[in-house]
Every structure is written in structure tokens, then in C-alpha cells.
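Spelled out from the first residue to the last, the chains are:
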Amino acid sequence: MSGGAAGPSCLQTNDWICGEYLRTRSQELVDATVQHIGITAVSVVLGVLIAFPLALAARRWRGAAGPVLGLTTVLYTVPSLAMFALLTPVFGVSAAVVVTGLVLYSLTILVRNILAGLQAVPAEVREAARGMGYGSARLLFEVELPLALPALVAGLRIATVSTVAMTTIGSVVGYGGLGNLIASGMEGFFKAEVLTASVLCVLLALLADLLLMALQRLLTPWTRAQARAKAGAGRGGRVAKVAG
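Note that the structure is predicted; figures quoted are calculated from it, not measured.

K.L.:
Lay out the environment of threonine 33 in plain terms, naming residues and giving numbers.
P.N.:
Mapping threonine 33 onto the fold places it in helix α2 (residues 26-60). Note on threonine 33: relative accessible area 17%, which makes it buried. Taking the C-alpha atoms as reference points, threonine 33 and leucine 200, 167 residues apart in sequence, are found 7.8 Å from one another. Not counting residues within four places of it along the chain, the set of residues in contact with threonine 33 comprises Leu178, Leu200 and Leu204.

K.L.:
Any details on the nonpolar core? Residues and values, ideally.
P.N.:
Ranked by size, the top nonpolar core spans 21 residues in total, and within it Ala51, Val111, Ile114 and Leu118 carry the most contacts. Those elements that place two or more of their residues in this core are α2, α3 (62-77), α5 (95-119) and α7 (136-166). If we ignore the near neighbours within four places in the chain, the residues touching alanine 51 are Leu107, Leu110, Val111 and Ile114. In this structure, Leu29, Ala32, Phe190 and Ala197 belong to the second largest nonpolar core, which totals 14 residues.

K.L.:
Help me get a handle on the packing of aromatic side chains, residues and values and all.
P.N.:
One pass over the structure, following the stated rule, counts 3 aromatic pairs. Relative to phenylalanine 189, the ring of tryptophan 16 has its centre 6.3 Å away and its plane inclined at 85°; by these criteria the two rings are edge-to-face. Of the two residues, tryptophan 16 sits in the segment before α1 (19-24) while phenylalanine 189 sits in the loop between α8 (178-188) and α9 (191-219), which places them 173 residues apart along the sequence. Residue tryptophan 16 is classed as partly exposed on the basis of its relative accessible area of 43%. Since its relative accessible area comes to 48%, phenylalanine 189 is described here as partly exposed.

Reading guide: rules and limits
Residues numbered from 1 in each chain as written. Predicted model: local features only at pLDDT ≥ 70, side-chain atom pairs only at ≥ 80, totals over all residues. Heavy atoms only, no water. Helix = DSSP H or I, 4+ residues; strand = E, 2+ residues; numbered from the N terminus. Buried < 20%, exposed > 50% of the residue type's maximum accessible area, 1.4 Å probe, protein only. Contact = heavy atoms within 4.5 Å. Core = buried A, V, L, I, M, F, W, Y, C linked by side-chain atoms within 4.5 Å. Phe/Tyr/Trp six-rings, centres within 6.5 Å; stacked < 30°, edge-to-face > 60°.

Okay, structure coming up:
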């Protein structure tokens with residue numbers, strides 16, 4: 001007795017979830033993911049390197065704070081298509097267009113969080129460090145930055161997640177990582193391609209956020225000690241109330 005004929009594949013029926021698509025297009029997915037990660041990582045790193053001195057300037061000279069924060073906010077409001085159109089004559093159709101645009105968009109988040117973290121360092125801590133002979137550079141890197149690290153990493157997490165999402169817009173110039181697959185899938189209404197690339201983009205954002213959260217916990221062990229101390233004090237207070 002012969003078996004029945006196999007039915008149409010999920011590619012033929014254009015299903016949203018299709019294992020055959022993953023098998024036949026695995027290299028394409030890997031290449032797009034690697035490009036997406038590369039563009040995101042370079043953009044965030046460059047954004048931090050530019051935002052850090054801008055935040056220091058805004059803190060040191062009060063007159064610079066308004067222009068710096070205002071300029072980064074204005075850059076963030078420029079539509080992405082307009083931004084890429086303005087950058088293309090300078091960099092040509094290349095990944096540099098996407099990276100530069102993403103760096104400019106990240107500045108408003110990074111500058112504000114770095115500045116907020118540095119300004120939140122208690123003045124008495126600075127005075128105590130100066131009294132111990134700390135110079136400006138040592139004060140910044142050994143006292144202020146460690147204390148500002150939670151705010152800095154919070155800004156870095158937001159900037160990284162938003163950059164992962166905005167990298168997809170680079171598909172308009174052919175350098176959008178997973179956005180290239182989303183765009184081509186939408187053009188031909190290829191459901192499996194659109195869904196798979198979109199899910200991978202979300203997973204990249206979640207993974208990046210988790211890694212940065214773990215990095216923050218690793219670099220700020222004292223925050224966990226403080227949290228445990230507060231929790232212990234809270235439990236002690238409740239026990240005292242019950243005993244009373």
C-alpha cells in the first residue's frame with residue numbers, strides 16, 4: 001500500500017511559522033544578524049565616546065548645558081529618512097550612513113543619563129575625596145563615575161535597545177541587518193521572512209538588555225549590599241512592631 005502524496009510545504013503555503021524557511025535560509029539569517037549586531041555595537045560605542053565628553057562639558061560649564069541638551073534633542077526629532085538623506089551625500093550609500101544616524105539619535109539619551117548620574121553624586125563625597133588629595137581626573141574616574149554607574153548603564157540600556165530597533169531602518173540604504181529581511185519580506189508579503197527577522201530583532205534587544213543588566217550588577221556590587229541592608233532593616237522594623 002503506497003503512502004499518500006506529501007502536501008504542500010510551508011513555503012508554498014506562505015505560512016508565518018516555517019521550519020523549512022529556517023533550514024533553507026539559515027546563512028542569510030546569520031549574515032543579517034551579524035550585520036545587525038555589528039552596526040548596533042559600533043553605533044552604541046561611538047555614541048558613548050561622544051556623549052561622555054559632551055556630558056562633562058555640560059556639567060563643567062553651565063552655559064554649555066542648554067545648547068548641548070538642546071542640540072541632542074533636536075537631532076533626535078529629525079525623521080530617520082530625512083537624516084539618512086542628509087548623510088548620504090557625505091558618506092555615500094554605506095553602513096557609515098546608518099551608524100552616523102544611530103550615533104546622533106543615541107546622544108540625547110546617553111548625554112542626559114551621564115549628566116544626571118554625575119550630578120547626583122553628593123557634594124560631600126566630592127569634598128571628602130578632594131580633602132584626601134584626589135585630583136580632578138582621579139575624582140572623576142575613581143569616585144564620581146562608579147557612583148554614577150547605575151544611571152549611566154540605565155541610559156546605555158535604553159540607547160542600546162532603541163538602537164537595535166532603529167537599525168532596521170537602515171534597510172532604506174541596504175544596511176539594515178535584519179531590517180533588510182523585514183523590508184524584502186514585506187515587499188513580497190513573505191510571512192516567514194517577516195516574522196522570523198522581527199522575532200530575531202526582538203530577541204537581540206532582550207539579550208543586549210540582559211547582558212547590560214548583568215554587567216551593571218557585576219560592576220556595582222555595593223548596590224546589592226545596600227538593598228540587602230535595607231531589606232534587613234525593614235524586616236527588623238516589622239519584627240519590632242509585632243513584638244511591641
